[in-house]
Amino acid sequence: MNIQFLSKERLFKIDTIHCSYVMAIADKEGFLGHVYYGPGIHDDDISYFTRVSEYPFSPEKLARERCAFLDTFMHEAPGNQNGDFRESSIVITDEENHEEVSLFYKEHKIYAGKPALKGLPATFSSDKKSGTNDCMTLEITMNDPILELDVIYVYSIFADSDAIMKSVRVINRGSKKLILNKIMSVTFDMPDKDYQMLTLHGSWARERRMEYRTIGHGKQSVGSICGKSSAAEHPFIGITSPNITQTEGEIYGFHFVYSGNFLAQVEKNQQDHLRVAVGIHPENFSFVLNPSDEFIAPEVVMVYSASGLRSMTHILHDLYRTHLIRSPFKDCKRPVLINNWEATYFDFNTDKLLSIAKEAKNAGIEMLVMDDGWFGKRNDDNTSLGDWFVNEEKLPGGLSYLSEKLDEMGMKFGIWFEPEMVCKESELYRNHPGWMIHIPGREPAPSRNQYVLDMSNPAVVDYVYEMVADILRNAKISYVKWDMNRSLTDLGSTYLSRESQGELTHRYMLGVYELQERLITEFPELLLENCSSGGARFDPGMLYYSPQIWCSDDTDAIERLAIQEGTALLFPLSTMGAHVSDCPNHVLGRTVPFATRGHVALAGTFGYELDVTKITKKEYDLIPKQIAQYHKYNELIVSGDYYRVASYRENHLFDFYGVVSKEKDKALYTYVQVLNRPNYKSRMLQIPGLDVNTKYQVRIVDWETGNEIPTFVLHGDTLKNAGITLEAAKGDFVSCLIEITKA
Ligand code: GLA
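Residues numbered from 1 in each chain as written. Predicted model: local features only at pLDDT ≥ 70, side-chain atom pairs only at ≥ 80, totals over all residues. Heavy atoms only, no water.

A. The sheet that holds strand 14 (residues 236–240), seen in detail. Strand order across the open sheet formed by 9 strands is 6-7-8-9-19-15-14-11-12, with antiparallel pairing between neighbours. Two strands bound the open sheet, and with one partner strand each, they are strand 6 (104–112) and strand 12 (209–214). Averaged over all adjacent pairs, the angle separating strand axes in this sheet is 20°, with direction ignored. Pairing analysis gives 3 bridges linking strand 11 (residues 196–201) to strand 14, with the strands arranged antiparallel. (Pairing = 2+ DSSP bridges. Helix = DSSP H or I, 4+ residues; strand = E, 2+ residues; numbered from the N terminus. Axes fitted to C-alpha atoms, helices over the stretch in contact; angles between N-to-C directions.)

Written as structure tokens, this is what we have:
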């Protein structure tokens, strides 16, 4: 880990474990150039890059052709309307309605430590004592002298990571009001090598599917303008070599640590250079910067890997586990829960919940989670959001009675909230109709018959917080599922001034973050799980507040293979909410063996989402076995390295992935035979990640019974290169676990 400034060459060099990131200040005028990002290079050689007498580092030599210079220069800090016609990184409207921005180097500082981003999620030092020993930061202040504007680019690195974190602060240093209409957190130019673009797309119940596409000339992007990171597109973009595999090819990955609107774009220009741009989506965004005001743009995590997808995945998993998730649960086994949503939907009462809890407890389940429908008059999804007080008709004696009964049983208790929402049929709406996001004079669009509360308004944040906290203060509650089931539309706030209406979506996110921050501060032992219509807010921003996020409302084990593959490309397995649910599956109608449902859910937080009083005895009897597997393997799953070997998404036949401990003394691989093949006897499965010189005992956990059959002892190199042979099983959707321990 090192960050240096070479004053003669006016060059910045950031070095992580294996990578270098180099920027140079163009001669005299001070444009900031992006020089290099990739595998580490020698310090001695970097002065080569300044080439001060050469184009393009000498704009004064191009006095006549300034536009050509700026439109081809490899920028790190592109402005707007100044001759560079690619994607701008910043747009400011001044008091005369002009929008040009030109940024010139002003100053920089390099220091130990990493600043927090006020009100925003961000990676942090894991050095508990000083917070400075394991990280370094470079702040480069760029300035537009006409606007009297400072734009501070903040780059941080950790000693134990190959990622580079970047955020931006925009400060009005002048005496006139400025309007910030756009600020990208990352924008830089790089040479193209026939790169492709990798993104995660989806929808409700089929989130985060990996998708590659050719990068053509012009702009191609993913984004969200619906007020949350969304199920449709994910705040990530990868620039990859063609045909990248798990182990071969380059990838530049950019992951946005934010849960609201985003843009992640790549643009190929006439020189075949690529401009990457990641940040808050400029659509429906503006922010008033009065004199001395500062705007903080969220952080982007940048990762480069020269050895395929896997090493990017490992870098991100380790970074998030060590430097982003704060919960005391992050490295711990979470209680095995049973959630009543798919078991009862809205049709439950105390007795029903207690009967589920009793059967669940007998099978080894540790916590009951009461989902939607316990409050106000909510017997369906038309009413009562906002009325966070107990429906005593359903739950006589309230939550204290229910939680005490569960406590007596030895069961923990968890509860569902959707704090950002309001239904018109609610006391909250009747008392505060102006707290709903809407444009006066327009009928706002309902979605699931609900509306969004204006979290830009501190009074709303206070009120909602007190309602939620009051429930938690008065019953024994160990877990909260924080849901968010609609997008933001009709973007008007009765709280914000006329000129600040464009601040709504970002201030909304700041309000949500503040709510969750308060919650985990007052209730530090609470296990928080974020959720949004399934996995529509599964993003790094949310991980700062909750160690786990509900992956998808699609709990079908086969659909989950692709959803969990896409999610685990970026996120540690410990964060993926995954449950064994009922069959035929409520989304698809597909029936998958109970054992396979368990094996697939083991790759996440693990729990149940079914009426345990109604399943067959054979299924019920499998639960203790599955839970025993959970207890046995969860520490490995939470802390180990994830290996994706084969993907049903690609081969349309089977899925194969595993987790190997950091010490390489044990591993757990999961094989799912999605479709059987006629006259197909067996499959060779190579098992990567182990120490090549160590002998391992390999046990295949029986497909049907869950029993372990000792099988054979092989060296790590044999497992990696030759692999094991697995006989084809009868039937589709069958699976097995392969447990590997040091012999
Ligand atoms: C969302 C969640 C579900 C469930 C329902 C309740 O759809 O994703 O898991 O909590 O809301 O209304």
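Structure shown, so let's carry the discussion forward.
B. Region of interest: the side chain of serine 241. On the secondary structure map, serine 241 appears in the loop between strand 14 and strand 15 (251–256). There is a polar contact of 2.6 Å between the side chain of serine 241 and the backbone nitrogen of glutamate 250. Dropping the residues within four chain positions of it, serine 241 is found in contact with Tyr195, Gln196, Gly249 and Glu250. (Polar contact = N/O pair within 3.5 Å; in protein donor to acceptor, adjacent residues only side chain to side chain. Contact = heavy atoms within 4.5 Å.)

C. Seen up close, the sheet that holds strand 2 (residues 11–15). If you trace the 4 strands from one edge of the open sheet to the other, you get 1-2-3-4, paired in antiparallel fashion. The open sheet has two edge strands, strand 1 (2–6) and strand 4 (32–39), and neither has a second partner. When the angles between neighbouring strand axes are averaged without regard to direction, this sheet yields 15°. Across 5 bridges, strand 2 lies against strand 3 (residues 19–25) in antiparallel orientation. Looking across to strand 3, one finds that aspartate 15 is bridged to serine 20.

D. Examining the side chain of aspartate 192 more closely. Mapping aspartate 192 onto the fold places it in the loop between strand 10 (178–191) and strand 11. With residues near it in sequence (within four places) discarded, aspartate 192 still touches Lys268, Asp272 and Leu274.

E. Inspection of the site of the ligand at higher detail. By nearness alone, 13 residues border the ligand, and Asp371, Asp372, Lys481, Gly534 and Asp553 come closest of all. For the ligand, an oxygen atom lies 2.6 Å from a polar atom in the side chain of aspartate 371. Between an oxygen atom of the ligand and a side-chain N or O atom of arginine 448, the distance comes to 2.9 Å. Taking 310 Å² as the accessible area of the ligand by itself, protein coverage stands at 96%. In terms of residue class, the shell around the ligand is made up of 4 nonpolar, 3 polar and 6 charged. (Near = heavy atom within 4 Å. Areas by Shrake-Rupley, 256 points an atom, 1.4 Å probe, with all protein chains shown as cover. Nonpolar A, V, L, I, M, F, W, Y, C, P; charged D, E, K, R; others polar.)

By themselves, these observations are geometric and do not establish any function.
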